[in-house]
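Structural characterization, general
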Amino acid sequence: RTIIAFLCLTVSAIAFADAKHIELINGADQLNIPVEQLRADATDTVKLYAPYRKANVVFKGYRLTDFLKRHTERGVNTVAITAIDGYQVQLKNINSGSWFLVTHENDQPLNLRTHGPLRLIETDIAGRDTENLSLFDDWIWMIKTIEVVN
């Protein structure tokens, strides 16, 4: 039991340490962006119904395409996003989507308990059954890494 408790604490400590930076990988370039900088620089807001919260929420953060242009200085079509727990989503044709990187929810900065430090949502949910959470599997929480694939 002691070993299991130690491993759980170690994994938690690693996850917490990773929550201080977001890693952006663009080919051979690797950029570690401080979460505090992301929070301070976030200016875009969007209000929408959040299926996982079952409420209308004001999200603050960045449009994914704008974030990538700012940090990669080129157009990006496909990204792989990895969460702290290893969950990964690959998004293609991101320029045609309405992807939004969330840093704040209702004016509160995201943290690990609120599925932060960075979360990806889609702002255009028209036509989706918001009670069917499996339709939102590509929303990803606790983002650790964003990798440009193309």
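Look a little higher up for the structure.
Now for a look at the structure at hand. Just so it is clear, the model here is predicted, and its values are computed rather than measured.

1. Comments concerning the pattern of salt bridges
- Throughout the structure, instances matching the rule amount to four salt bridges.
- For Asp-41, the salt bridge goes to Arg-70, with nearest N and O atoms at 3.3 Å. Separated by 29 residues along the polypeptide, Asp-41 in helix α2 (residues 35-41) and Arg-70 in helix α3 (residues 64-72) bring together distant segments of the chain.
- Judged by relative accessible area, which is 30%, Asp-41 ranks as partly exposed.
- Across the salt bridge formed by Arg-119 and Glu-105, the nearest N and O atoms sit 2.8 Å from each other. One end of the pair, Arg-119, is in strand β9 (residues 119-122); the other, Glu-105, is in strand β7 (residues 99-105), with 14 residues separating them in the sequence.

2. A closer look at the environment of His-21
- Structurally, His-21 is set in strand β1 (residues 21-26).
- Residue His-21 is classed as partly exposed on the basis of its relative accessible area, which comes to 38%.
- Residues within four places of His-21 in sequence aside, it is in contact with Asn-32, Ile-33, Pro-34, Val-35 and Lys-144.

3. Description of the environment of Pro-34
- Secondary-structure assignment places Pro-34 in strand β2 (residues 29-34).
- Exposure remark for Pro-34: the relative accessible area of 30% places this residue in the partly exposed category.
- Sequence separation between Pro-34 and Lys-20 is 14 residues, and the spatial gap between their C-alpha atoms is 5.9 Å.
- The contact partners of Pro-34, leaving out residues within four places of it in the chain, are Lys-20 and His-21.

4. With respect to the side chain of Thr-72
- Tracing the chain through its elements places Thr-72 in helix α3.
- Reaching out from Thr-72, the side chain makes a polar contact with the backbone oxygen of Leu-68 at a distance of 2.5 Å.
- Those residues in contact with Thr-72 that sit more than four places away from it in its chain are Leu-24, Asn-26 and Val-148.

5. Remarks on the sheet that holds β2
- The strand order across the open sheet formed by five strands is β2-β1-β10-β5-β6, and the pairing between neighbours is mixed. Since the sheet does not close on itself, it has two edges, and those belong to β2 and β6 (88-91), each with one partner. In this sheet, neighbouring strand axes are inclined to one another by 15° on average, regardless of whether the strands run parallel or antiparallel.
- Inspection of the sheet shows β1 paired to β2 by six bridges, in the antiparallel sense. In the strand pairing of β2, Leu-24 is matched with Leu-31.
- Sheet strands touched by α3: β1, β2, β5 (79-83) and β10 (143-148). Its angle to β1, the strand with the most contacts, is close to 70°.

Thresholds, definitions, all that
Residues numbered from 1 in each chain as written. Predicted model: local features only at pLDDT ≥ 70, side-chain atom pairs only at ≥ 80, totals over all residues. Heavy atoms only, no water. Salt bridge = Lys/Arg side-chain N within 4 Å of Asp/Glu carboxyl O. Helix = DSSP H or I, 4+ residues; strand = E, 2+ residues; numbered from the N terminus. Buried < 20%, exposed > 50% of the residue type's maximum accessible area, 1.4 Å probe, protein only. Contact = heavy atoms within 4.5 Å. Polar contact = N/O pair within 3.5 Å; in protein donor to acceptor, adjacent residues only side chain to side chain. Pairing = 2+ DSSP bridges. Axes fitted to C-alpha atoms, helices over the stretch in contact; angles between N-to-C directions.

Purely geometric numbers; function is a separate question.
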